[in-house]
Amino acid sequence: MKKIYLDYAATTPIDPRVTKAMLPYFSEKFGNTMSLHSFGQEAKQALEESREVVANLMKAKLNEIIFTSSATESNNLALKGIAFANENKGRHIVISSIEHPCIIESAKWLEKQGFEITRLKVDKYGLVEPDDVRKAIRKETILVSIMHANNEIGTIEPIEEIGKICKEKGVYFHTDAAQSFGKILIDVNKMNIDLLTTSSHKMYGPKGAAALFIREGTKIEPLIHGGGHESGLRSSTVNVAAIVGFAEAARICQREMKIESERLTKLRNKLIKGVLQKIKGSHLNGPPASAMPKALRAGPPASAMPKALRAGPPASAMPKALRAGPPASAMPKALRAGHPKKRLPNNINFSFPGIEGESLVMQLDLLGIAASTGSACSSEKLEPSHVLLAIGLKPEQAHGSLRLSLGRWTKEKDVDYVLEVLPKVVKRLREISPFKR
Amino acid sequence: MPIYSKEIIKHFKNPKNVGKIKKPSGRGEAGNILCGDIMTLYLKIEKNEKGEKIIKDVKFETLGCVVAIANTSLLTTMVKGKKLEDALKIKKEDLIKRLGQPLPPFKIHCSLLAVDALKEAIYDYYLKNKLEIPEDLEKGHQRITKTKEELEKRYKGFQAFEKEILK
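Quantities reported herein were computed from a predicted structural model and do not represent experimental measurements.

Take the overall build of chain A next. Per the secondary structure count, chain A includes 16 helices and 12 strands. Residues counted as buried form 53% of the 437 residues belonging to chain A. Within chain A, contacts between residues separated by at least 24 positions form 74% of all contacts whose residues are at least 6 apart in sequence.

Here the focus is the overall build of chain B. Check the secondary structure of chain B and you find six helices and three strands. Secondary structure elements of chain B occur, N-terminal to C-terminal, as α-β-β-β-α-α-α-α-α. Out of the 167 residues in chain B, the part that is buried amounts to 40%. A sequence separation of at least 24 residues applies to 64% of the contacts in chain B between residues at least 6 apart.

To continue, consider the environment of R343 of chain A. All names here are of chain A. Its place among the elements puts R343 in the loop between helix 12 (333-336) and strand 10 (347-351). Accessibility expressed as a C-beta count within 10 Å gives 27 for R343, which makes it buried. Taking the C-alpha atoms as reference points, R343 and P287, separated by 56 residues in sequence, lie 5.8 Å from one another. If near-sequence neighbours (up to four positions away) are discounted, R343 is found in contact with G154, T155, I156, G286, P287 and A289.

This next bit is on the pairing of strand 3 (residues 92-96) of chain A. Residue and element names in this part refer to chain A. Within strand 3, five of the five residues are buried, leaving the element largely enclosed by the surrounding structure. Two elements, strand 3 and strand 4 (residues 116-120), share five bridges in a ladder whose sense is parallel. Within strand 4, the position partnered with V94 by the bridge is T118. Assessed by its sense of winding, the connection that carries the chain from strand 3 through helix 5 (residues 101-112) to strand 4 is right-handed. Where strand 3 lies against strand 5 (residues 141-145), four bridges are found, and the strand directions are parallel.

What follows concerns the domain arrangement of chain A. Per the domain assignment, the segments making up chain A are domain 1 (16-252) and domain 2 (257-432). Among the residues making up the side of domain 1 of chain A that touches domain 2 of chain A, the classes are represented as 10 nonpolar, eight polar and four charged.

Turning our attention to the nonpolar core. Here is a general trend for soluble globular proteins: nonpolar side chains tend to be buried in one another's company. Among the nonpolar cores identified, the biggest contains 89 residues, and I93, V144, I162, F213, V240, I243 and V244 of chain A are the most heavily contacted of them. Here this core gets 11 residues from one element, more than from any other, and that element is helix 8 (residues 240-278) of chain A. Here this core spans two domains, and each of domain 1 (16-252) and domain 2 (257-432) of chain A adds at least three residues to it. When sequence neighbours within four positions are dropped, the list of residues in contact with V240 of chain A reads Y25, T33, A43, A46 and L47 of chain A. The next biggest cluster of nonpolar side chains, apart from the first, holds 70 residues, and it includes M362 and L429 of chain A together with L95 and I96 of chain B.

All names here are of chain A. On the basis of which strands lie adjacent, the open sheet formed by seven strands has the order 2-8-7-6-5-3-4 and mixed pairing. The open sheet has two edge strands, strand 2 (65-68) and strand 4, and neither has a second partner. In this sheet, adjacent strand axes meet at a mean angle of 20° when their direction is disregarded. In the packing of helix 7 (residues 159-169) onto the sheet, contacts are made with strand 5 and strand 6 (172-176), and the angle to strand 6 comes to roughly 160°.

Pairing between the strands of a sheet comes from backbone hydrogen bonds, and it takes one of two forms, parallel or antiparallel. Residue and element names in this part refer to chain B. Strands sit in the order 1-2-3 across an open sheet of three strands; the sheet is antiparallel. Each end of this open sheet is capped by a strand with a single partner; those strands are strand 1 (26-32) and strand 3 (53-63). Pairs of neighbouring strands in the sheet enclose a mean axial angle of 15°, with direction left out of account. Where strand 2 (residues 37-47) lies against strand 3, 10 bridges are found, and the strand directions are antiparallel. By the bridge assignment for strand 3, L43 is matched with V58. Lying on the sheet, helix 2 (residues 66-79) is in contact with strand 2 and strand 3; it crosses strand 3 at an angle near 170°.

Here is what the cut-offs are and how they apply
Residues numbered from 1 in each chain as written. Chains lettered and ligands numbered in written order. Predicted model: local features only at pLDDT ≥ 70, side-chain atom pairs only at ≥ 80, totals over all residues. Helix = DSSP H or I, 4+ residues; strand = E, 2+ residues; numbered from the N terminus. Buried ≥ 20, exposed ≤ 12 C-beta atoms within 10 Å, placed from the backbone. Contact = placed C-beta atoms within 7 Å. Pairing = 2+ DSSP bridges. Right-handed = clockwise from strand over helix to strand, strands pointing away. Domains from an automatic or database assignment. Nonpolar A, V, L, I, M, F, W, Y, C, P; charged D, E, K, R; others polar. Core = buried A, V, L, I, M, F, W, Y, C linked by C-beta atoms within 7 Å. Axes fitted to C-alpha atoms, helices over the stretch in contact; angles between N-to-C directions.

Now the structure itself:
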């Protein structure tokens with residue numbers, strides 16, 4: 001049976017070019033970066049070259065990149081490190097309600113240590129309103145942490161605007177870019193970012209490597225103390241092979257980003273359109289894809305519209321779910337302004353009322369399609385995804401959700417196969433369900 | 001090791017006795033949308049020549065996870081043709097044993113739900129026919145009702161939370 005991997009947001013395979021770049025650093029160039037001899041120097045050089053590549057991809061300086069073992073570690077370092085280094089200024093931190101669990105749990109732990117946390121609400125597309133950030137910042141606020149792109153529904157947050165507000169107010173701004181780094185452009189200076197989390201295994205690099213960008217001059221405390229690696233901010237013998245792989249992965253992403261994101265956007269839109277047309281009651285969670293809500297289509301003349309919109313299907317050909325878009329006034333500013341790029345190029349998240357997500361994922365797996373769900377039964381909490389609840393889904397809608405994330409090896413025929421199989425699977429599960437539609 | 005045993009996957013892929021019974025002798029519901037699993041079980045109960053109550057037919061509908069679907073399917077195959085009193089003796093542990101794999105703690109409640117739906121259907125049958133309800137069945141019914149109410153309360157909490165978010 002052919003197997004189709006559509007869970008690139010969970011992890012990605014290592015690109016063979018990356019594996020090749022890593023190989024010398026296991027048995028041959030194995031030195032400890034802290035050693036003075038040639039073996040150490042060789043490893044140290046590879047480390048610093050890697051740092052430069054990763055720094056380049058976000059327009060940071062060489063000394064502003066700290067390598068860690070995972071995005072979770074980077075996020076822990078960002079939140080706790082800033083909290084402990086700046087508590088004399090204040091003990092208030094602002095996050096969003098749809099952050100990754102490693103931010104949510106770090107914040108919860110800091111709360112127990114006496115810090116105060118504000119969790120910002122998001123709109124129905126998962127967008128944080130920059131003005132809410134402005135209102136939440138107080139004299140005691142030391143950090144704002146809003147993710148760049150959401151891992152479940154692919155929403156790209158207005159971090160440039162948020163960064164500007166934080167800069168005006170003199171508050172550190174951290175963003176978790178684990179899902180976006182290497183997929184969409186990031187410029188830490190233009191976006192006024194003080195700290196940024198990235199991860200290697202989400203961009204075709206190995207697991208066990210990640211980075212935290214820390215702007216020069218930022219006051220931060222390390223969590224791991226020891227031999228003083230990574231400018232004293234992260235002691236631990238450096239995992240050179242993994243970091244070399246991370247850098248090679250970043251190099252490839254930088255080179256291929258534009259073409260790849262256009263290719264994936266096309267595939268993504270085809271899959272979204274197909275599913276909404278074929279499956280009754282299906283709903284796209286998160287920001288709309290290329291086909292925009294009605295209010296926008298009635299907006300500026302075609303010539304003034306971004307190309308992506310002009311190329312959209314005529315209204316009559318559009319699935320009902322899309323035609324019934326929200327009125328312009330209720331729409332987030334960025335969308336009203338006709339911004340077609342508020343969703344990661346590779347993310348899709350559907351809800352299918354009347355079925356449960358885990359059953360759907362297992363049924364698809366039996367047919368060779370690897371997907372994922374934020375559903376309760378996949379976790380021990382028995383409660384639906386906090387992200388889907390935050391964008392206003394009812395628990396029963398959140399339970400019937402499916403995330404498909406595309407990637408470097410996703411082909412059009414894979415999308416066609418999903419479009420052939422998924423409607424059948426949903427229909428079958430609905431037949432078993434007491435809530436037949 | 002795969003996440004689920006062959007037996008679970010077998011029932012999940014081809015669930016037995018799916019559907020409804022028109023005018024059932026008893027109908028039972030268990031689960032709550034909050035935890036993601038809801039099931040309805042229908043029974044057709046007839047007396048045999050000895051006058052014993054027999055489950056002649058059983059059907060189910062489940063909105064739920066893999067284990068929930070597999071469990072209800074398995075349970076229906078276990079009770080079909082059985083005497084009512086024997087069906088009442090089935091415990092969640094019997095299901096788990098038959099599924100051939102130790103379930104993670106958070107999945108055990110899925111097995112309990114299937115058994116609950118069966119007991120509720122039998123309870124419904126007793127009630128409809130004004131039969132004397134055994135003490136255990138009555139106790140079980142009260143526990144199930146209480147859990148439902150508690151979940152409902154939490155669900156209301158969720159709705160309030162939702163409203164706040166949408167504000």
